[in-house]
Amino acid sequence: MTDTAFDVKSRLGQPWKKPPFVKRNWLRWILILGFVAYLIAAYMTIDVNWSRVYDGLERGKKFVLAFTNPDFTSRSTDIWGGMIESILMTIAASVVGIGISIPIALGAARNVAPLPVYLICRGIIAISRALQEIIVAILLVAIFGFGPLAGFLTLSFATIGFLSKLLAEDIESMDKTQAEAIKASGARWTQWINYGVQPQVMPRLIGLSIYRVDINFRESAILGLVGAGGIGATLNTAFDRYEYDTAAAILLIIIVIVMALEYLSGVIRARVQ
Amino acid sequence: MLRVDKLVKTYKTGDQALKAVEIDIPEGQVLALIGPSGAGKSTLIRCINRLVEPTSGKVYLGDVELTGLSSAALRRERRRMGMIFQEYALVERLTVMENVLSGRLGYVGFWRSFLRKFPQSDVDEAFRLLDRVGMAHMADKRADELSGGQRQRVGICRALIQDPALLLVDEPTASLDPKTSRQIMRLICELCKERGLAAIINIHDVALAQMFVQRVIGLRFGAIEFDGPPEGLTPDVLTSIYGEEDWEATIEKVEDGEEVAAQ
């Protein structure tokens with residue numbers, strides 16, 4: 001009806017192809033060839049010292065073999081203490097971080113917050129995401145000294161950037177009419193959030209929160225390397241002493257806990273649909 | 001009861017959705033708003049409760065001018081305007097009861113609503129309304145478990161529990177089958193009569209509108225093209241609202257419809 005000049009007869013019997021994303025032929029080929037050339041050039045710059053790798057294989061083998069014979073006992077008090085510290089750090093940081101993230105996420109969702117609030121909250125998220133955990137941890141260790149307090153603060157701070165951003169994006173993509181219906185009843189802003197927005201984003205909030213607990217636990221093992229407490233400190237000491245069997249024991253415990261969290265997350269998310 | 005005075009809505013894109021619309025609705029009148037898609041029907045009813053801010057013009061509900069109200073006063077007036085939505089707009093992950101009680105949010109404080117501790121009178125009224133629309137046994141089901149017709153019944157309860165003076169109804173039957181559409185339209189009109197409510201019903205289905213309402217307004221390109229009783233919708237009038245088509249079949253269908261409805 002719109003395109004009257006279309007001649008169906010001459011079109012019939014000819015194959016149809018999806019129009020290419022880059023319409024100009026020469027430009028498309030330049031882009032493809034350029035990409036391939038870059039890829040080849042990039043791989044050629046990787047410098048591998050094969051004799052060094054050969055030597056390293058022996059050390060790697062020792063490390064892997066240690067997993068067949070993990071030593072849970074000889075450093076059991078260190079491992080136990082580190083684990084408790086890590087778990088405490090994880091739980092405390094997750095609770096505080098998620099608690100702060102929720103209001104920031106509301107502020108960072110353009111369809112819920114006015115522009116000035118939006119900009120401030122997006123700014124906070126950007127800062128939190130820009131600073132890598134290790135860097136924050138080094139700074140906080142310098143301020144608060146060695147120990148789990150620095151680790152706890154680092155993880156809380158990192159949780160804000162992660163959770164607020166993803167939750168805000170979920171709020172922005174919610175179903176508008178459900179929220180509109182609540183607004184039409186004369187609800188105040190807080191009630192509107194509680195009835196119109198919260199139910200829609202709840203599954204995502206719970207899923208993200210559990211995932212963040214998982215990340216925080218794994219991060220707590222890393223933060224020990226810079227002195228921010230937790231199982232990481234124990235792990236670091238084990239590596240320094242070449243006690244691969246103790247290190248293997250710690251890694252196995254971390255793997256088991258992460259897998260348990262993963263399983264728990266699946267169970268909870270299936271329930272909150 | 002409701003007076004719309006030279007209401008204009010121009011969207012940011014420059015589209016003029018409403019051009020100086022004037023409507024006067026007396027107490028208890030049920031009015032159907034017809035017109036092609038994009039004629040401004042949804043915009044008009046959303047401008048009345050200011051889910052969409054009108055560009056200029058005034059809306060009076062009783063003696064209150066809605067267009068000039070502060071946000072707190074607007075919330076109070078919104079309680080007097082129940083709204084029923086296309087696609088129901090129930091909060092899917094809340095229960096039927098929570099959805100109905102959400103109609104009372106304008107009356108209860110935040111903590112009461114947050115803790116779901118609504119006054120007993122509200123809970124009783126919710127059950128009375130759900131029973132009236134035949135949904136009382138579903139009170140604790142989640143909204144996303146219901147069928148389309150059931151959802152719209154819950155949507156009607158949510159609007160009525162506000163104890164409104166006016167119902168704003170946006171395409172209530174757009175996604176329902178023909179039989180359920182009639183049941184829902186009949187239910188809305190009966191409830192309006194029982195409670196003496198005025199209503200503006202946006203509707204695509206001209207035949208269905210003719211069956212149930214006392215007055216029809218036809219909107220085209222944001223301006224009123226027709227305002228009169230449903231019998232006044234002749235083929236010429238429909239052509240002026242929707243453009244050229246063969247309207248005899250549509251009008252035939254009305255008579256069919258009335259027979260079915262009478263059975």
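Summarised in this report is the structure supplied together with it. (Residues numbered from 1 in each chain as written. Chains lettered and ligands numbered in written order. Predicted model: local features only at pLDDT ≥ 70, side-chain atom pairs only at ≥ 80, totals over all residues.)

Details of the overall build of chain B
From N to C terminus, chain B includes ten helices and ten strands. Relative to the compact-globule value of 18 Å for 263 residues, chain B shows a C-alpha radius of gyration of 18 Å, a close match. Counting only C-alpha atoms and orienting by the principal axes, one finds that chain B spans roughly 55 × 45 × 35 Å. Here chain B, with 263 residues, has 44% of them falling under the buried criterion. (Helix = DSSP H or I, 4+ residues; strand = E, 2+ residues; numbered from the N terminus. Rg over C-alpha atoms; globule rule 2.2 N^0.38 Å. Buried ≥ 20, exposed ≤ 12 C-beta atoms within 10 Å, placed from the backbone.)

With respect to unusual backbone geometry
Residue and element names in this part refer to chain B. Located in the positive-phi region is R50, a residue other than glycine, with phi close to 60°. By secondary structure assignment, the location of R50 is in the loop between helix 1 (41-48) and strand 4 (56-61). Judged by the 19 C-beta atoms lying within 10 Å of it, R50 is partly exposed. Here the phi dihedral of Y88 falls at roughly 65°; this positive angle occurs in a residue that is not glycine. Given 26 C-beta atoms within a 10 Å radius, Y88 is considered buried.

Some remarks on the pairing of strand 9 (residues 215-220) of chain B
All names here are of chain B. Bridge count for strand 3 (residues 30-34) against strand 9 is four bridges, and the pairing is parallel. Following the sheet pairing, I34 is matched in strand 9 by G218. Both strand 9 and strand 10 (residues 223-228) contribute to a ladder of five bridges, which runs antiparallel. Counterpart to L219 in the pairing with strand 10 is I224. (Pairing = 2+ DSSP bridges.)

Some details on the sheet that holds strand 8 (residues 198-202) of chain B
Residues and elements named next belong to chain B. Spatial ordering of the open sheet is given by 6-7-8-3-9-10, a layout of six strands whose pairing is mixed. Taken across any chain shown, the strands that pair with only one partner, and hence form the sheet edges, are strand 6 (81-84) and strand 10. Across the sheet, the axes of successive neighbouring strands diverge by a mean angle of 20°, strand direction being ignored. (Axes fitted to C-alpha atoms, helices over the stretch in contact; angles between N-to-C directions.)

Concerning the environment of A:Y263
With respect to the secondary-structure elements, A:Y263 resides in helix 11 (residues 244-271). Taking the C-alpha atoms as reference, A:Y263 lies 29 Å from A:R75; in sequence the two are 188 residues apart.

Focus on the nonpolar core
Core analysis: the biggest nonpolar cluster contains 119 residues, and B:V100, B:C157, B:L166, B:A199 and B:I201 have the highest contact counts within it. The biggest single contributor to this core is helix 7 (residues 148-172) of chain A, with twelve residues. Leave out the neighbours within four places in its chain, and B:V100 touches B:A126, B:L129, B:L130, B:V154, B:C157, B:R158 and B:I161. A:I231, A:L235, A:A238 and A:A249 belong to the second-largest nonpolar core, a separate cluster that totals ten residues. (Core = buried A, V, L, I, M, F, W, Y, C linked by C-beta atoms within 7 Å. Contact = placed C-beta atoms within 7 Å.)

Describing the sheet that holds strand 2 (residues 16-25) of chain B
Residue and element names in this part refer to chain B. If you trace the four strands from one edge of the open sheet to the other, you get 2-1-4-5, paired in antiparallel fashion. The sheet is open, and its two edges are formed by strand 2 and strand 5 (64-65), each paired on a single side. Judged from the five bridges that link them, strand 1 (residues 2-10) and strand 4 form a sheet pairing that is antiparallel. Pairing of V8 across the sheet is with S56, part of strand 4. Against the sheet, helix 1 contacts strand 1, strand 2 and strand 4, and its axis sits at roughly 60° relative to strand 2.

Some words on the interface of chain B and chain A
Each partner contributes residues to the interface: chain B has 22 residues there, and chain A has 19 residues. Of all the elements in the fold, those that place two or more residues in the side of chain B that touches chain A are helix 2 (71-78) and helix 4 (110-114) of chain B.

Looking at the packing of helix 10 (residues 231-240) of chain A against helix 11 of chain A
All names here are of chain A. The geometry of helix 10 relative to helix 11 is characterised by a closest axis approach of 8 Å and an angle of 150° between their N-to-C directions. The angle between helix 10 and helix 11 falls in the class roughly antiparallel. Crossing of helix 10 against helix 11: the hand is left-handed. Here helix 10 contributes I231, T234, L235, A238 and F239 to the contact with helix 11, which in turn contributes T246, A247, I250 and I254. (Parallel < 35°, antiparallel > 145°, perpendicular 65-115°, else oblique. Left-handed = near helix turned anticlockwise from the far one by under 90°.)

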